[in-house]
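Below, each chain spelled out in residue letters.
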Amino acid sequence: MTKILQFGEGNFLRTFVDLYFETLNQEGYGPYEVNILKPIVYGNLAKFYKQKNKYHIILRGNKNSKTIENVYQVNSVKNAIENFNENSYVFTLIKDKDLKIVVSNTTEAGIAYNGNDKMYDYDHITYPGKLTSLLYLRYKANLPGLHILPVELIENNATELMKCVDKYITLWNLGEDFRKYNNEQNVYSNTLVDRIVSGYPRDNATKEHLTKLIGEEDELMSIGEPFGLWVIEKKGNIANLIKDGTHNIDVILADDITYYKKRKVRVLNGSHTNLVPISLYYGKETVFDVMKDAKLSKFVYDALNNDIIPFVSNDIKMTKKFADEVMERFLNPFLNHQLTSIALNSISKWKARDLCSFKDYYDRNHEVPKYLTIGFAYLIYMYQHIEKSGDKYICKLPKRTFDVKDDLVYLEYFKNHSVHDFLADKSIWDISLTEFKGLEETLNYYLSLINEGKELI
């Protein structure tokens, strides 16, 4: 028996992690037992209790050029723990010799340290604070450490979580022996996860269709795409607990997960960010709409093949294979991935996801990359056409008008600044983009064409 303590009960964990452990059980690798702990006081687990922790996952989309809708019943969740109290099962579980793994998804803001936290004030302290307290109880019980696998979407998630735990050891005076135990026996593995999960169906027609497909009512049903990837830093004896290979999701145990993070950020996220402004300009609603448009889909492919893929790693073939999978995911008719959702905080996203590929292309070729520069031009055009309307900021493009959400400084930037100011602003980019020879001239030329109603693709 391998028991897992899971901080979080949300759609992603149930559609990704819990389905993975269910698959291992079905394949004969188990038994694996997931114990869900609700990490915050808000909300309740009434649906879990009503359904005795059983629910269904529906993976919908494209796989190997075929459209699929596969239903999986998940039975791997054995307990759902509502909250911390002196009778809570979590205090028994943390001292169980069969407990081996801690998984968490407490949002990007969940891995944080608060110097005002009190050790046993479980309802109000951070997730790292709760974890520290539980690990200390395990240490006091003379039990071996745990493998800790956060899936929060932050850089070096396990490293950052471990730093927070170390701070709580100091804050609460838990001693150097416990610090040594935490450093040497608890194994913190950085992870990368990738699966788009839309959760419970949003419209009655889809709900009725999936209920019929399942064969019963399910208030915990969750929809995800067929693609799934979990890359885990290979540390300790994790290979004895986590099975790599394809088990509904593709699991990779890697000594260094840097390549996989770089590939996802540049190929998947970078493509998303680059396609959004030009696609909004052309009046598109979703990523699927973009990929069904011959002109725009060619732009996405050209940007990938010319400006992004060659600069991820020397293994072009491996990156190209991932890019092909990304394109298949973009063509998923069930996801309804709204462009305006991806457009949130577009400038900071372009810096994190596209500037890196832009710089690598320029360094190698001594000229600006064509397709990333075109995408950047439409991004600037979008922000140049933002107006304040009441307490909202509205972008008015020729074929679409929509709300824009970003930091105030960016929403109002082009009221008082030029393209040159934007490129030269080190508070935005950390460097001056005017250092890229030809970029400013090319952008101004592209913007003049866009303003004249002419097409760049």
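Residues numbered from 1 in each chain as written. Predicted model: local features only at pLDDT ≥ 70, side-chain atom pairs only at ≥ 80, totals over all residues. Heavy atoms only, no water.

Draft legend 1. Main features of the overall build of the chain. Counting its secondary structure elements, the chain contains 21 helices and 17 strands. Taken over C-alpha atoms, the radius of gyration comes to 24 Å for the chain, in line with the 23 Å a tight globule of 457 residues would show. Oriented by its inertia axes, the alpha-carbon framework of the chain measures out at about 70 × 55 × 50 Å. Counting the 457 residues in the chain, one finds 54% classified as buried. Put simply, 72% of the contacts in the chain that link residues at least 6 apart link residues at least 24 apart. Summing over all exposed atoms, the chain offers an accessible surface of approximately 20500 Å²; the carbon and sulfur share of this is 47%. Here the chain carries 58 positive and 61 negative side-chain charges, and the mean point of each set is 2 Å from the other. (Helix = DSSP H or I, 4+ residues; strand = E, 2+ residues; numbered from the N terminus. Rg over C-alpha atoms; globule rule 2.2 N^0.38 Å. Buried < 20%, exposed > 50% of the residue type's maximum accessible area, 1.4 Å probe, protein only. Contact = heavy atoms within 4.5 Å. Areas by Shrake-Rupley, 256 points an atom, 1.4 Å probe, with all protein chains shown as cover. Lys, Arg positive; Asp, Glu negative; His and termini not counted. Charge placed at Lys NZ, Arg CZ, Asp CG, Glu CD.)

Draft legend 2. Just the sheet that holds strand β9 (residues 191-194), in detail. Spatial ordering of the open sheet is given by β9-β12-β14-β13, a layout of 4 strands whose pairing is mixed. Where the open sheet ends on each side, the last strands, each with one partner, are β9 and β13 (245-247). Averaged over all neighbouring strand pairs, the angle between strand axes comes to 15 degrees, with direction disregarded. As judged from the 4 bridges shared by β9 and strand β12 (residues 229-233), these two strands associate in the antiparallel manner. Across the sheet, residue Asp194 finds its bridge partner in β12, namely Leu229. Sheet strands touched by helix α2 (residues 17-26): β12, β13 and β14 (249-254). Its angle to β13, the strand with the most contacts, is close to 95 degrees. (Pairing = 2+ DSSP bridges. Axes fitted to C-alpha atoms, helices over the stretch in contact; angles between N-to-C directions.)

Draft legend 3. Molecular detail of helix α21 (residues 439-451). Taking 1.5 Å of rise per residue, the 13 residues of α21 would be expected to cover 18 Å, and the 18 Å separating its terminal C-alpha atoms lies within 8% of that figure. Along α21, the positions that sit buried rather than exposed are Leu439, Leu443, Tyr446, Leu447, Leu449 and Ile450. Down the axis of α21, the buried side of the element spans an arc of 160 degrees, and every buried residue falls inside it. Elements in contact with the buried residues of α21: α9 (258-281), α15 (355-365), α16 (370-384) and α19 (419-424). (Expected span 1.5 Å × (residues − 1). Arc of directions from axis to C-beta.)

Draft legend 4. Region of the structure containing the sheet that holds strand β15 (residues 386-389). Taking strand neighbours across the sheet as the criterion, the 3 strands line up as β15-β16-β17 in an open arrangement whose pairing is antiparallel. In this open sheet, the two strands that pair with only one neighbour each are β15 and β17 (401-403). Averaged over all pairs of adjacent strands, the angle between strand axes in this sheet comes to 35 degrees, irrespective of strand direction. With 3 bridges connecting them, strand β16 (residues 392-396) and β17 associate as antiparallel partners. The residue of β17 that forms the bridge with Lys396 is Thr401.

Draft legend 5. Seen up close, the pairing of strand β2 (residues 32-37). Among the 6 residues in β2, 6 count as buried, and that is most of the element. Here β2 shows no split at all, with Tyr32, Val34 and Ile36 on one side and Glu33, Asn35 and Leu37 on the other all buried. Sheet topology places strand β1 (residues 2-7) next to β2; 6 bridges connect them, and they run parallel. Bridged to Phe7 within β2 is Leu37. Pairing analysis gives 4 bridges linking β2 to strand β5 (residues 77-81), with the strands arranged parallel. Its bridge partner being in β5, Asn35 is matched across the sheet by Asn79.

Draft legend 6. Representation of the side chain of Ser222 within the structure. Assignment of secondary structure puts Ser222 in strand β11 (residues 222-224). There is a polar contact of 2.7 Å between the side chain of Ser222 and the side chain of Thr15. Setting aside residues no more than four positions away along its own chain, Ser222 makes contact with Asn11, Arg14, Thr15, His56, Ile57, Ile58, Val197, Gly199 and Tyr200. (Polar contact = N/O pair within 3.5 Å; in protein donor to acceptor, adjacent residues only side chain to side chain.)

Draft legend 7. A look at the nonpolar core. Residues Phe376, Phe422 and Trp429 are the most contacted members of the largest nonpolar core, which totals 76 residues. It is α16 that contributes the most residues to this core, 11 residues altogether. Here Trp429 is in contact with Ile347, Trp350, Lys351, Leu355, Phe376, Phe422 and Leu423, once residues within four sequence places are set aside. (Core = buried A, V, L, I, M, F, W, Y, C linked by side-chain atoms within 4.5 Å.)

Draft legend 8. Broad picture of the environment of Phe422. As for its position among the elements, Phe422 is in helix α19. On the accessibility criterion, Phe422 (1% relative accessible area) is buried. Put simply, Phe422 and Arg364 are 58 residues apart on the chain and 24 Å apart in space, counted from C-alpha to C-alpha. Setting aside residues no more than four positions away along its own chain, Phe422 makes contact with Ile347, Phe376, Ile380, Tyr413, Phe414, Ile428 and Trp429.

Draft legend 9. Seen up close, the environment of Val312. For Val312, the location among the structural elements is in the loop between α11 (294-308) and α12 (316-330). Measuring from C-alpha to C-alpha, the distance between Val312 and Tyr259 comes to 7.7 Å, with 53 residues separating the pair along the chain. Excluding residues that lie within four positions of it along the chain, Val312 makes contacts with Tyr259, Lys262, Arg263, Arg266, Val267 and Thr319.

Draft legend 10. The arrangement of the packing of aromatic side chains in detail. Here the structure, examined in full by the defined rule, presents 36 aromatic pairs. Where Phe16 meets Trp230, the ring centres are 5.7 Å apart and the plane angle is 65 degrees; that geometry is what we call edge-to-face. One end of the pair, Phe16, is in the loop between α1 (11-15) and α2; the other, Trp230, is in strand β12, and 214 residues separate them in sequence. A residue is classified by how much of its surface remains accessible, and Phe16, at 0% relative accessible area, is buried. Residue Trp230 is classed as buried on the basis of its relative accessible area, which comes to 0%. Measuring from ring centre to ring centre gives 5.6 Å for Tyr20 and Trp230, while their planes differ by 85 degrees; the resulting arrangement is edge-to-face. A residue pair is termed long-range when its members are at least 10 positions apart, and Tyr20 in helix α2 and Trp230 in strand β12 qualify at 210 residues. (Phe/Tyr/Trp six-rings, centres within 6.5 Å; stacked < 30°, edge-to-face > 60°.)

All quantities given are derived from atomic positions and should not be read as evidence of function.
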